[in-house]
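# Summary of structural features
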Amino acid sequence: MSRRLAHAPFPPTHKTTAMPARISHRSQLSDPLSAVIAPPVGESAAAKQARVAREAEEQRVSDAIDDELRRERQDRKKRGKREVKVLLLGQSESGKSTVLKNFRLKYAPAQWKAELQSWRAVVQLNLVQNVLTILDVLQERLSLPEATEVPTGSSPPSSFPTGSRTSFDSTISDITTAPPALSPAAAKVQLSQKHRILLLRLSPLRKVAEDLRRVLGAGADFSNADDAAHGYGVLDDTGPAQPKRKEFAVRGWISALGLKGEDENRPVPDSPTDSTSEVLSSLRDDILALWEDTDVRALLRAADVRIEDRAGFFLPDTARITAPGYVPSDNDVVRARLRTMGVQEWRVVLEQGAGGLGGSGLASDSFGAEWVIYDVGGSRSMRHAWLPYFDAVNAIIFLAPISCFDERLAEDPRVNRLEDTLLLWKAVVKSPLLRGCTLVVFLNKCDLLKRKLQSGIMVNRHMLSFGNRPNEVGVVVKYLKDKFKDILRADAASPALGGISAAARTTYLYATSVTDTKATAATLNIVRDGIIREHLKHAEFV
Ligand SMILES: Nc1nc2c(ncn2[C@@H]2O[C@H](COP(=O)(O)OP(=O)(O)OP(=O)(O)O)[C@@H](O)[C@H]2O)c(=O)[nH]1
Ligand SMILES: [Mg+2]
C-alpha cells in the first residue's frame, strides 16, 4: 500500500485530525493541542458515537500505514543484504543487452517465457530492416545507367591504430538510412526486370517498418546512431563532427515492449497489428526470392554488404517469422537487436530450480538471491550517463566484441572499434570509483571472429602489432586476453587511487559468443559464483 493511497480516503478536517484518540486522553488542559483535538462542546450522543467510530477507523488506517512502512523498511534491508549489483559496460553492439537476456533466460525462465510474445514486433522489424538494406543496394544499382563503366580499384584496408579515413565499413551498422555508395565491382553486377519487379513488390515494407516502429512506440526512438557531432570521446568529450547514421533505439525496452516494471501507468503498446502481420505474410515468397537470388547475393558481395554478419539478421528465418501466429523463440529474442538508450535497471529474482537457487544451494534470503543489473547504452554520447552507476556496484561485466578488429565506430567512423574498446577498458580500470568491484571481461563475438578469419580477413592488416602470428581464433583470443591483462598490470604498477590497490582486484576473462545461450548459461554460472565468492571474501574482513 502506498502512502498516498492509505491517506486518501480520510482527508483530515478541522475537527478530525489524524491524531489518534490515544493522545487526546493523555492530553493536559494546559496543552494547546488539547484545545484543537478536544470534542466539540455540546456534542450529542449520536454525534459522539459517529466521531468515536471515525477516530477508531482513522487509528486503524494509521496503524496499517505504520505497519506497511515498517515492512517496507525491513524488506529493503533484507533485499539490500541479498542483492548483487552488476553494471554491464562496453561499446554499442558489444552484447550487453544480450548478456542481460541470457541472465534472465537462465535465472528467471518463467518470467522470460511470459514475455516472448512481446518481442514479436522487434524481430519482425529486424527482418524488415534486413530486406530494406538489400532493397537500398538494389535500388542504387538499378538507378545506374546499364552500360556504366566504372574505374576499377579497391579501397585500402582500415588501419589500427586509428587512421584518418572517413568512409566506414558497412558491417558495423545493422540499419542505415542512406544507401552505401556502390563499389565499382557492385556497379558491374547485371540485374534484370525480375529485380525491378521485386523492388516494386517489396516496397510496402517501408510502410511496415514505420508501423512497427510506431507499435514499439513512446519508449522507442529512431534517432541518430550517435552524436559524434557533439564530440564525445571514449568516456568524455573529445571527438569532432562526423556524418550521422540512424538506428532504431529504445529509451526503455521495458516500456517499449510493454513489459511490467518501468512505468506501470504508461499504456501498454499494441501488438503488431493484424494488417502488419498480413502484409509480411503476403510478401513471404518475394522476401525469400530476393534473399535466395544469386545475382542479389553477388551484388551484396561486390558491394561488401555482409548482411549475415550484422546484428538482428533474420532472413533465413523468413518463413517462420512471417507465418500467422508467429511467437518468437528464445533464440530469436536473444538475437534480436534493439539498441539501448540511457541506463536501464533490471531486477532479477532468481527463480527456484532454474539453475538459480536450487542448483547453487543459495537460500532465498542470502546474498545473490536477487540481482540488480544495469544495462547501459554503449555509444559515445551515452557514456556520460554511466558514471553515477559506478558507485556501489559489486561487479562490472565488460563486453569486448573482439570480432570488430576491422570495423569502425558508427558514431565516429575514424575510430577502430577494437581500439575504442581497449581505451574504454583502460578508463574502467583506472576509475577510482570501480576499484572495489570485481571485473569480468567477456571477449565476445568469438563466433563472428571465427567466421571472419575463415573468410580470409587478416588480423595483422588491421592490428599491426599482431605481427606474423597465425591468423587463428585461439591465437587472436590469447593475444587480446594478454592485451587486457597488460592494461590491468600497467594500472597496478601505478600508485593506487582511492586507497585500494588495483592489483587486489579480482578480474575474470572469458572468451564468449553470447548468442549461444547454452554455453553462456555455463559461463554465467561461473561468473555468478565468482562474484558471490568475492563479496563474501571481502565481507569477512569488514
Ligand atoms: N553472432 C553474435 N552476435 C552477437 C553476439 N553478442 C551479441 N550479438 C548480437 O549483436 C547485436 C548487438 O548486441 P546488443 O546486446 O544489443 O548490444 P549492446 O551492447 O546492448 O548495444 P547498445 O544497446 O547499442 O549499447 C545483437 O543483435 C546480438 O544478438 C555474439 O557473441 N555473436
Ligand atoms: Mg543494449
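Here the structure is shown first, and the text comes after it.
Every chain is numbered independently, its residues counted from 1 as its sequence is written. Whichever chain is written first becomes A and whichever ligand is written first becomes 1, with later ones labelled in order. In keeping with the predicted nature of the model, local features appear solely for residues at pLDDT of at least 70, side-chain atom pairs appear and are counted solely at 80 or more, and the whole-chain, interface and lining totals rest on all residues. Derived side-chain values reflect all non-hydrogen atoms in the structure, with water molecules and hydrogen atoms excluded from consideration.

### A closer look at the packing of aromatic side chains
Each aromatic ring pair is described using two quantities: the centre-to-centre distance and the angle formed by the ring planes. Pairing of aromatic side chains requires ring centres within 6.5 Å, counting the rings of Phe and Tyr and the six-membered ring of Trp. Pairs whose planes differ by under 30 degrees are stacked, by over 60 edge-to-face, and all others tilted. All told, the structure shown has 10 aromatic pairs when counted by the stated rule. Judged by centre distance (6.1 Å) and plane angle (85 degrees), the rings of Phe442 and Tyr510 are edge-to-face. One end of the pair, Phe442, is in strand β8 (residues 438-444); the other, Tyr510, is in strand β9 (residues 507-511), and 68 residues separate them in sequence. Aromatic side chains Phe466 and Tyr479 sit 5.2 Å apart centroid to centroid with 90 degrees between the ring planes, which places their arrangement in the edge-to-face category. Of this pair, Phe466 sits in the loop between α19 (446-454) and α20 (473-493) while Tyr479 sits in helix α20, and the two are 13 residues apart along the sequence. Take Phe466 and Tyr479: they sit in the same class, and that class is buried. Three or more aromatic residues link up through ring pairs in this structure, and these residues are Phe103, Tyr107 and Trp371. Secondary structure follows DSSP: runs of H or I at least 4 residues long count as helices, runs of E at least 2 residues long count as strands, and numbering of each begins at the N terminus. Here's how the labels work: a residue is buried when its accessible area is under 20% of the maximum for its type, exposed when over 50%, partly exposed in between, all with a 1.4 Å probe on protein chains only.

### Considering the site of ligand 1
Distances are taken per atom, and a residue is near a molecule or strand as soon as one of its heavy atoms is within 4 Å of it. Residues in contact with ligand 1 amount to 26 residues; listed here are only the nearest, Ser92, Lys96, Thr98, Arg337 and Gly378. By the criterion applied in these results, polar contacts are pairs of N or O atoms within 3.5 Å in which, for protein atoms, one can donate a hydrogen and the other can accept it, and in which residues neighboring in sequence qualify only through two side-chain atoms. Between ligand 1 and Gly378 there is a distance of 2.7 Å, counted from an oxygen atom to a backbone nitrogen or oxygen. With residues, only the protein chains shown are counted as cover, and all accessible areas are computed by Shrake-Rupley using a 1.4 Å probe. In isolation ligand 1 offers 660 Å² of accessible surface; the protein chains occlude 95% of this area. Listing elements by their share of the shell around ligand 1, those giving two or more residues are α5 (96-107), α16 (330-335), β4 (339-340) and α19. In terms of residues, the shell around ligand 1 owes the most to one element, α5, which gives three residues. Grouping the amino acids of the shell around ligand 1 by side-chain chemistry returns six nonpolar, 13 polar and seven charged. Residue type decides the class: Asp, Glu, Lys and Arg count as charged, Ala, Val, Leu, Ile, Met, Phe, Trp, Tyr, Cys and Pro as nonpolar, and the leftover types, Gly among them, as polar.

### Let's talk about the coordination of the magnesium ion (ligand 2)
Keep in mind that water is not among the atoms, so a site may look incomplete; donors are the N, O and S atoms within 2.8 Å of the metal, or 3.2 Å for Na, K and Ca. For the magnesium ion (ligand 2), the full set of protein donor atoms is Ser97 (OG) and Thr340 (OG1), and the range of their distances to it is 2.1 Å. With a gap of 243 residues between them, Ser97 in helix α5 and Thr340 in strand β4 connect regions that are remote in the sequence.

### Focus: the pairing of strand β7 (residues 395-401)
A large share of β7 lies buried, amounting to seven of its seven residues. Judged by which residues are buried, β7 turns out to be covered on both faces: Ala395, Ile397, Leu399 and Pro401 on one side and Ile396, Phe398 and Ala400 on the other are all buried. Relative to β7, strand β1 (residues 83-89) runs parallel, the two being bridged by four bridges. When the bridges of β7 are listed, Leu87 appears paired with Ile396. Here, a strand pair is defined by DSSP locating no fewer than two bridges between the strands. Of the strand pairs in this sheet, β7 and β8 are connected by seven bridges, and their pairing is parallel. Opposite Ala395, over in β8, you have Thr438 as the bridge partner. Handedness of the crossover is the feature at issue here: the chain leaves β7, passes through helix α18 (residues 417-430), returns alongside β8, and the resulting connection is right-handed. When the strands point away from the viewer, a crossover counts as right-handed if the path from the first strand over the helix to the second runs clockwise.

These results come straight from atomic positions and should not be treated as a statement about function.
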